[in-house]
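These are the residues of each chain, in order.
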Amino acid sequence: MILLALFTSLLMSCSQKNAPNEDHQMKVFIDDLMGKMTLEEKLGQLNLPSSGDITTGETSSSDIAQKIKEGQVGGLFNIKTAEKIRAVQKVAVEQSRLKIPLIFGMDVIHGYQTAFPIPLGMSCSWDMGLIEKSARIAAQEASADGICWTFSPMVDISRDPRWGRMSEGSGEDPYLGSQIAQAMVKGYQGDDLRKNNTILSCVKHFALYGAIEAGRDYNTVDMGRIRMYNEYFPPYKAAVDAGAGSVMTSFNEIDGIPATANRWLLTDILRKAWGFSGLVVTDYTAILEMTDHGLGNLKEVSALALAAGTDMDMVADGFLTTLKESLDEGKVTQQEIDQACRRILEAKYKLGLFEDPYRYCDENRAKTEIFTPENRQVARGIAAQTFVLLKNDNQTLPLQEKGTIALIGPLADNKENMTGTWSVAADFSKSVSLLEGLRNAVGTQAQVLYAKGTNVVSNPKLDARISIFGKPTQWDKRSQQEMIAEAVAVARKSDVVVAAVGESAEMSGESSSRSDINIPENQKELLEALLATGKPVVIVLFTGRPLTISWEKANVPAILNVWFAGTEAGNAIADVLLGKVNPSGKLSATFPQNIGQIPLYYNHKNTGRPLAEGKWFQKFRSNYLDVSNDPLFPFGFGLSYTTFDYKNLKLSGLSLTADSKFTVSVELTNSGNYDGAEVVQLYLRDLVGSVTRPVKELKGFQKIFLKKGETRIVEFTLTEKDLRFYNENLQLVSEPGDFKVFVGTSSDNTLEAGFVLK
Ligand code: BGC
């Protein structure tokens, strides 16, 4: 039953593709335009500089404005407001020879001015409707501010929490990551890119950026093809299948060739195998960086990038300044230049910019559509869905809305750190801190006392490094002893302690790799002192990555992981702490016990010497002397204030055939005292394969809301397609034989049954 990969690429749904007639009209229009363009003007289209945030007054006098007039710029990014963008667009369409409009991009990653939780947090909602909605609102707000192109979604699979950019993606799983990639593309692009409130999406970073060695940003990647196809490629392909209009190359190399010059990747895979017809843009200065990779000078690497299938050069100026000479020398062809230029013009055409270059420049929309109370309300609701309750002994949570609550910690009263990485359009002064949120929520019902307790980190040099981008940790000059003493005094006066600890926003994100992913030692000292008061302590954990919190898990009765929850963070956290919302988030990335276990992920291979189930150590088995193989918290894990029982796992038959439908059902009961939602997860294991197969793979999930006491039969449908994988010859196949199916509350807590694929 071998089904070639080609087959699936033919089945792709390309929602953003034009109808044949529109394609024809577009071709005629662009043929005509390109017929009038000089070589220099074509190269100008391939150039994407950063605006350096031109102010309106400088619009016509800046160096960039001069280039725009000369037709040397195809688009700009890092510029916002309808007014500024209108002014710059005016230069392009009134003062350049051919009046070609510019495309305006920005990193609209998790919301615009209304910031949603960081992507890693969003993925823990496992709610595709909400994720799509967040992207829809982001597109609405960004487009009201002049922007028509976002550098999102970031879909890099990562299993290494040392990497700070894990915060920007959807975690470790290809299936969940693919669903999210599609939801994001749909949210941004809607059903019609020409509308003034939809924007072009850009799936990034193509490819494999999340697999950099040692979690050190921008580092080398080396990966076998079977892993690449089965585990790392799916989310990029899913975004392409959903119609993503553009793709961004990654900084890393693949098989010794940086992605930006990797013809196999950009042409053979992306375009030929997956049928992608949109535009490929580089990451920031990625062309120039290939000189440091050791591939030649700017002229040589620019030629390599173009020939590989890159269309647009972000910031490196390589295409603009060197391709003419390379053409004269026969190093690149006119056809390659024309092809790249055409793809950029097509993107502009699809956005409707030739019809109306000011389509996204309606100053009135900005006044009424950005940071609206409605959008903030949605952001608050979504944020609460992303929190993961990691521990809750003795029902410490929810808090009672009475008595005295001590709110302590370096992240308790800090607005700037609520939105996390990549929130360039957010106005931090308008974010809701936890202190504000909690005080608003309890009103006069309870008293909230506050003390900072300690700084985020104890080393001032490190503090400076994590406060570079305007998200200060608000360094407190008092001694650690003095701050802890104040906090302990506040705790003693209170009934319960809420400790707002973890990472500050800039401890994750780009260029924020860590070799130690504990909560900083000074914060741990604070926790020890708070626990010593004998008061119940709840950790509200801020983080952009899985952390090694073994000590905290062993010693603190309750832990609520809130990531960086966006503009409405404080209100949403208060909603969950006080039980107005029952937490339902589930981890999309494994929390390791210690850093030595990394990479640790649920869908690993079995090896030839697996450790027997339930064992810590066996000689000559695949394990460690000093730590068990178990994660601290597994993929898919997350508690609720209520409890859910699973029973009666049933299959519709014992075997599945290519054309049959197969159902798997389970009886789910909310057996606790609160209404709540549960993410029911379905995993498969292919017991015998022509290549080794993972011990478990997520293949389905459903988020089910049940009132307390309610029972529901939850049903999944499986087809032969769900059993396919890329084999030794990189063909997408399913292989007859025995399978196991697992359904449950997390990757390590499931009911199981067996079936056969005939
Ligand atoms: C990042 C990209 C981002 C680009 C433009 C780069 O440094 O890697 O994710 O889209 O900058 O801001």
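Quick summary incoming for the structure in this document. (Residues numbered from 1 in each chain as written. Predicted model: local features only at pLDDT ≥ 70, side-chain atom pairs only at ≥ 80, totals over all residues. Heavy atoms only, no water.)

Examining the overall build of the chain
Then, in step 1: In terms of regular secondary structure, the chain is built from 23 helices and 26 strands.
Then, in step 2: Over its C-alpha atoms the chain spans a radius of gyration of 26 Å, differing by no more than 12% from the 27 Å that the globule rule assigns to 758 residues.
Then, in step 3: Dimensions of the chain, computed from C-alpha atoms along their principal axes, come out at roughly 75 × 65 × 45 Å.
Then, in step 4: Taken across its 758 residues, the chain has 61% of its residues classed as buried. (Helix = DSSP H or I, 4+ residues; strand = E, 2+ residues; numbered from the N terminus. Rg over C-alpha atoms; globule rule 2.2 N^0.38 Å. Buried < 20%, exposed > 50% of the residue type's maximum accessible area, 1.4 Å probe, protein only.)

Quick notes on the packing of helix α7 (residues 128-144) against helix α17 (residues 373-386)
Then, in step 1: Contact geometry of α7 with α17 gives a least axis separation of 11 Å together with a crossing angle of 150 degrees. Considering only the axes of α7 and α17, their crossing is left-handed. When α7 is examined against α17, the residues Leu130, Lys133, Ser134, Ile137 and Glu141 are found in contact with a partner set consisting of Asn375, Val378, Ile382 and Gln385.
Then, in step 2: Taken together, the residues of the contact of α7 with α17 break down into four nonpolar, three polar and two charged. (Axes fitted to C-alpha atoms, helices over the stretch in contact; angles between N-to-C directions. Left-handed = near helix turned anticlockwise from the far one by under 90°. Contact = heavy atoms within 4.5 Å. Nonpolar A, V, L, I, M, F, W, Y, C, P; charged D, E, K, R; others polar.)

Some remarks on the state of the cysteines
Then, in step 1: Evaluated as defined, the whole model comprises zero disulfides.
Then, in step 2: Cysteine 361 carries a free sulfur, and the closest cysteine sulfur to it, the one in cysteine 148, is 8.4 Å from it.
Then, in step 3: Overall, cysteine 361 belongs to the buried group, its relative accessible area being 2%. (Disulfide = S-S within 2.5 Å.)

Things to note about a negative patch on the surface
Then, in step 1: Together, Asp516, Glu521, Glu525 and Glu528 give the surface a local cluster of negative charge.
Then, in step 2: Relative to the elements of secondary structure, glutamate 521 occurs in helix α21 (residues 521-532). (Patch = residues over 30% accessible without salt bridge, like charges linked within 9 Å, V, L, I, M, F, W, Y side chains within 5 Å. Areas by Shrake-Rupley, 256 points an atom, 1.4 Å probe, with all protein chains shown as cover. Salt bridge = Lys/Arg side-chain N within 4 Å of Asp/Glu carboxyl O. Lys, Arg positive; Asp, Glu negative; His and termini not counted. Charge placed at Lys NZ, Arg CZ, Asp CG, Glu CD.)

Details of the pattern of salt bridges
Then, in step 1: Under the definition given, this model contains 45 salt bridges.
Then, in step 2: The residue aspartate 268 makes a salt bridge to lysine 272 at a minimum N-O spacing of 3.8 Å. Note that aspartate 268 and lysine 272 are positioned in helix α11 (residues 263-273) at a spacing of four residues, about one turn of the helix.
Then, in step 3: Residue aspartate 268 is classed as partly exposed on the basis of its relative accessible area, which comes to 30%.
Then, in step 4: By relative accessible area, which is 58% here, lysine 272 ends up exposed.
Then, in step 5: Here the residues in one salt-bridge network are Glu22, Arg194, Glu355 and Arg359, joined through shared partners.

A word on the site of the ligand
Then, in step 1: In the neighbourhood of the ligand, 13 residues make up the surrounding shell, with Asp107, Arg165, Lys204, His205 and Asp283 lying closest.
Then, in step 2: At a separation of 2.5 Å, an oxygen atom of the ligand approaches a polar side-chain atom of aspartate 107.
Then, in step 3: At 2.6 Å from an oxygen atom of the ligand is found a side-chain nitrogen or oxygen belonging to aspartate 283.
Then, in step 4: Against a free-state accessible area of 310 Å², the protein chains account for coverage of 94% of the ligand.
Then, in step 5: Here the residues of the shell around the ligand are counted per class, giving seven nonpolar, one polar and five charged. (Near = heavy atom within 4 Å. Polar contact = N/O pair within 3.5 Å; in protein donor to acceptor, adjacent residues only side chain to side chain.)

Some thoughts on α11
Then, in step 1: Considered for burial, the residues of α11 that qualify are Trp264, Leu265, Leu266, Thr267, Ile269, Leu270 and Arg271.
Then, in step 2: A distance of 3.3 Å separates the backbone nitrogen of tryptophan 264 from a side-chain oxygen at the start of α11, and that oxygen is part of asparagine 262.
Then, in step 3: Phi turns positive one or two residues past the end of α11, at glycine 275, with a value near 75 degrees.

Things to note about the sheet that holds strand β11 (residues 388-392)
Then, in step 1: Reading across from one edge, β11-β16-β15-β14-β12-β13 is the order of the six strands in this open sheet, with mixed pairing throughout. Strands with a single pairing partner mark the edges of an open sheet, and in this sheet they are β11 and β13 (447-451). For this sheet, the mean angle separating the axes of adjacent strands, direction not counted, is 20 degrees.
Then, in step 2: Helix α18 (residues 434-442) contacts β12 (404-408), β13, β14 (496-502) and β15 (537-542) of the sheet and is inclined by roughly 165 degrees relative to β13. (Pairing = 2+ DSSP bridges.)

A closer look at the side chain of lysine 452
Then, in step 1: With respect to the secondary-structure elements, lysine 452 resides in the loop between β13 and α19 (460-465).
Then, in step 2: At 2.4 Å, the side chain of lysine 452 forms a polar contact with the backbone oxygen of glutamine 474.
Then, in step 3: Ignoring anything within four residues of it in the chain, the contact list for lysine 452 reads Ile408, Gly409, Pro410, Thr473, Gln474, Trp475, Asp476, Arg478, Met483, Glu486 and Leu526.

Focus on the nonpolar core
Considering soluble globular proteins, one finds that nonpolar side chains tend to be buried as a cluster.
Then, in step 1: Formed by 74 residues in total, the largest nonpolar core has its most connected members in Ile408, Ile549 and Leu577.
Then, in step 2: The contacts of leucine 577, once residues within four sequence positions are left out, are Leu397, Pro398, Leu399, Leu434, Leu438, Val498, Val538, Val540, Leu560 and Tyr641.
Then, in step 3: Formed by 47 residues, the second largest nonpolar core is a distinct cluster that contains Met106, Phe116, Phe371 and Tyr683. (Core = buried A, V, L, I, M, F, W, Y, C linked by side-chain atoms within 4.5 Å.)

Considering the sheet that holds strand β17 (residues 644-651)
Across a sheet, paired strands are connected by hydrogen bonds in the backbone, their directions being either parallel or antiparallel.
Then, in step 1: In spatial order, the strands read β17-β19-β22; together these three strands make up an open sheet with antiparallel pairing. The sheet is open, and its two edges are formed by β17 and β22 (711-718), each paired on a single side. For this sheet, the mean angle separating the axes of adjacent strands, direction not counted, is 20 degrees.
Then, in step 2: In this structure, strand β19 (residues 662-670) lies alongside β22, joined through eight bridges in antiparallel fashion. By the bridge assignment, threonine 663 is partnered in β22 with threonine 717.

Comments concerning helix α12 (residues 286-293)
Then, in step 1: Listing the buried residues of α12 in full gives Ala286, Ile287 and Met290. Viewed end-on, α12 has its buried residues packed into an arc of 105 degrees, placing them on one side of the element.
Then, in step 2: At the C-terminal side of α12, glycine 294 shows a positive phi close to 95 degrees. (Arc of directions from axis to C-beta.)

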